[in-house]
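# Results of the structural survey
Chain by chain, the residues run as shown.
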Amino acid sequence: MATLLHLDSAVFPEGSASREVTAAFVQTWLEQHPDGKVVYRDLAAEPLPHLDAEAAAAGAAHPLRGELAAELSAADAVLIGAPMYNFTIPSTLKAWLDHVIIVGHNAGPDSPVAGTPITVVASRGGSYAAGTPREGAEFVQNYLATLLTSMFAAEVDFIVPELTLAHSNPQMAELIPLAESSRAKALSDASEKAKALASRLAA
C-alpha cells in the first residue's frame with residue numbers, strides 16, 4: 001500500500017488554484033490506487049510554529065520535527081500545493097521545510113527520501129515563465145527544485161497554473177483565455193501525473 005503525503009499551503013480554503021489542482025491529483029490517485037494511503041496536512045489551517053533554537057538543536061529528537069521527518073521518510077510520493085505569495089512560497093510551507101530538513105537524519109548524501117517523487121503545484125497570479133518580463137522574479141520553482149534535490153535527492157516535478165488573477169484583476173481581463181487554458185492544462189496534468197505515479201508505485 002503506497003502512501004502519499006499531501007501538503008496544502010494556500011491561505012484561502014475556497015477558490016484556491018493550488019488547492020483545486022492538488023485535489024484533482026488526490027482524487028485520481030485514489031481512483032487508481034484505492035488501497036493507497038493519503039497523509040494530509042493543511043499548513044494554512046494548522047500552521048506549524050517557526051523553527052526556534054530549541055527545535056533546531058534537538059533535530060530529530062524534537063517531537064514535532066521527528067514526527068514530520070518520519071511522515072516524509074515514510075511517504076512513497078509527496079504532493080505540495082505551493083502558491084506564489086510575494087514572489088516566493090508561503091511562510092507556512094517554509095516553516096514545514098525548516099522543521100522537516102534534518103541534515104544527518106533525513107537530509108544529506110544518504111537521505112531516505114532520495115528518489116521519492118515530489119509533485120509541486122506552483123500556482124501564481126501572473127506569469128513568470130521563460131521569456132516573460134518577470135522571469136527573473138521566479139523564486140518558487142527555482143527555490144524548491146534546488147532545495148528538494150540538494151537536500152533530499154528527490155525526484156521533483158512541477159504543475160504550474162498561472163495567470164490565476166486574470167478573472168479578478170480588470171487589467172488582466174484580456175488574459176482570461178490564457179488563464180483558462182493554463183487551468184485546464186494544470187488539472188489535466190494533475191490527473192495524468194497522479195495516474196502514472198499510482199501505476200508506477202503499484203508495479
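To be clear, the structure that these remarks concern was listed above.
Heads up: these notes are all about the structure in this document.

What counts, and where the lines are drawn
Residues numbered from 1 in each chain as written. Predicted model: local features only at pLDDT ≥ 70, side-chain atom pairs only at ≥ 80, totals over all residues. Heavy atoms only, no water. Helix = DSSP H or I, 4+ residues; strand = E, 2+ residues; numbered from the N terminus. Buried < 20%, exposed > 50% of the residue type's maximum accessible area, 1.4 Å probe, protein only. Contact = heavy atoms within 4.5 Å. Pairing = 2+ DSSP bridges. Axes fitted to C-alpha atoms, helices over the stretch in contact; angles between N-to-C directions. Parallel < 35°, antiparallel > 145°, perpendicular 65-115°, else oblique. Left-handed = near helix turned anticlockwise from the far one by under 90°. Nonpolar A, V, L, I, M, F, W, Y, C, P; charged D, E, K, R; others polar. Phe/Tyr/Trp six-rings, centres within 6.5 Å; stacked < 30°, edge-to-face > 60°. Expected span 1.5 Å × (residues − 1).

Quick look at the side chain of Ser182 now. On the secondary structure map, Ser182 appears in helix H6 (residues 176-202). Of the residues examined, Ser182 reaches a relative accessible area of 12% and is grouped as buried. When residues no more than four places from it in sequence are discounted, the contact partners of Ser182 are Val160, Pro161 and Glu162.

Our focus in this paragraph is the sheet that holds strand S4 (residues 117-121). As summarised here, the arrangement of the five strands in space is S2-S1-S3-S4-S5, forming an open sheet in which the pairing is parallel. Single-partner strands in this sheet number two, and they are strand S2 (37-42) and strand S5 (155-159). The sheet shows a mean angle of 15° between the axes of neighbouring strands, taken without regard to direction. Examined bridge by bridge, strand S1 (residues 3-8) and strand S3 (residues 77-81) share four bridges and lie parallel to one another. Considered in S3, the bridge of Leu5 is made with Val78. In the packing of helix H5 (residues 141-152) onto the sheet, the strands contacted are S4 and S5, and the crossing angle to S5 comes to about 160°.

Okay, the packing of helix H4 (residues 91-100) against H5 next. Look at H4 against H5: their axes get within 12 Å of each other, and the N-to-C directions meet at 15°. With respect to each other, H4 and H5 are oriented roughly parallel. Helix-helix and strand crossings are classified by hand; for H4 and H5 the assignment is left-handed. Along its contact with H4, which presents Lys94, Leu97 and Val100, the element H5 presents Tyr143, Leu144, Leu147, Leu148 and Phe152. Of the residues in the contact of H4 with H5, the class split is seven nonpolar, no polar and one charged.

Okay, the packing of aromatic side chains next. Following the criterion strictly, the structure yields one aromatic pair and no others. Seen in terms of ring centroids, Phe87 and Tyr128 are 6.3 Å apart; in terms of plane orientation they differ by 85°. Their pairing is edge-to-face. A residue pair is termed long-range when its members are at least 10 positions apart, and Phe87 in the loop between S3 and H4 and Tyr128 in the loop between S4 and H5 qualify at 41 residues. Look at Tyr128 and you get buried, because its relative accessible area is 9%.

Moving on to helix H3 (residues 63-74). Its twelve residues give H3 an end-to-end C-alpha distance of 16 Å, which sits within 8% of 16 Å, the value for a rise of 1.5 Å per residue. All buried positions along H3 are accounted for by Leu64, Arg65, Gly66, Leu68, Ala69, Glu71 and Leu72. Its buried side turned inward, H3 meets S1, S2, helix H2 (53-58), S3, H4 and H5.

For S3, the buried fraction is high: five of the five residues fall into the buried class. Burial of the side chains of S3 extends over both faces: Ala77, Leu79 and Gly81 are buried on one face and Val78 and Ile80 on the other. With four bridges connecting them, S3 and S4 associate as parallel partners. In the strand pairing of S4, Leu79 is matched with Thr119.

The next subject is unusual backbone geometry. Residue Asn86 is not a glycine yet carries a positive backbone phi of 50°. With respect to the helices and strands, Asn86 occurs in the loop between S3 and H4. Positive phi, close to 55°, is recorded for Ala153, a residue that is not glycine. Within the secondary structure, Ala153 sits in the loop between H5 and S5. Ala153 gets classed as partly exposed once you look at its relative accessible area, which sits at 44%.

As a further point, take the packing of helix H1 (residues 17-32) against H6. Where H1 contacts H6, the axes come no closer than 8 Å and their chain directions differ by 30°. In the crossing of H1 with H6, the sense of the turn from one axis to the other is right-handed. Of the residues in H6, those in contact with Glu20, Val21, Ala24, Phe25, Thr28, Trp29 and Gln32 of H1 are Arg183, Ala186, Leu187, Ala190, Ser191, Lys193, Ala194, Lys195, Leu197, Ala198 and Leu201. Across the contact of H1 with H6, the residue classes break down as eleven nonpolar, three polar and four charged.

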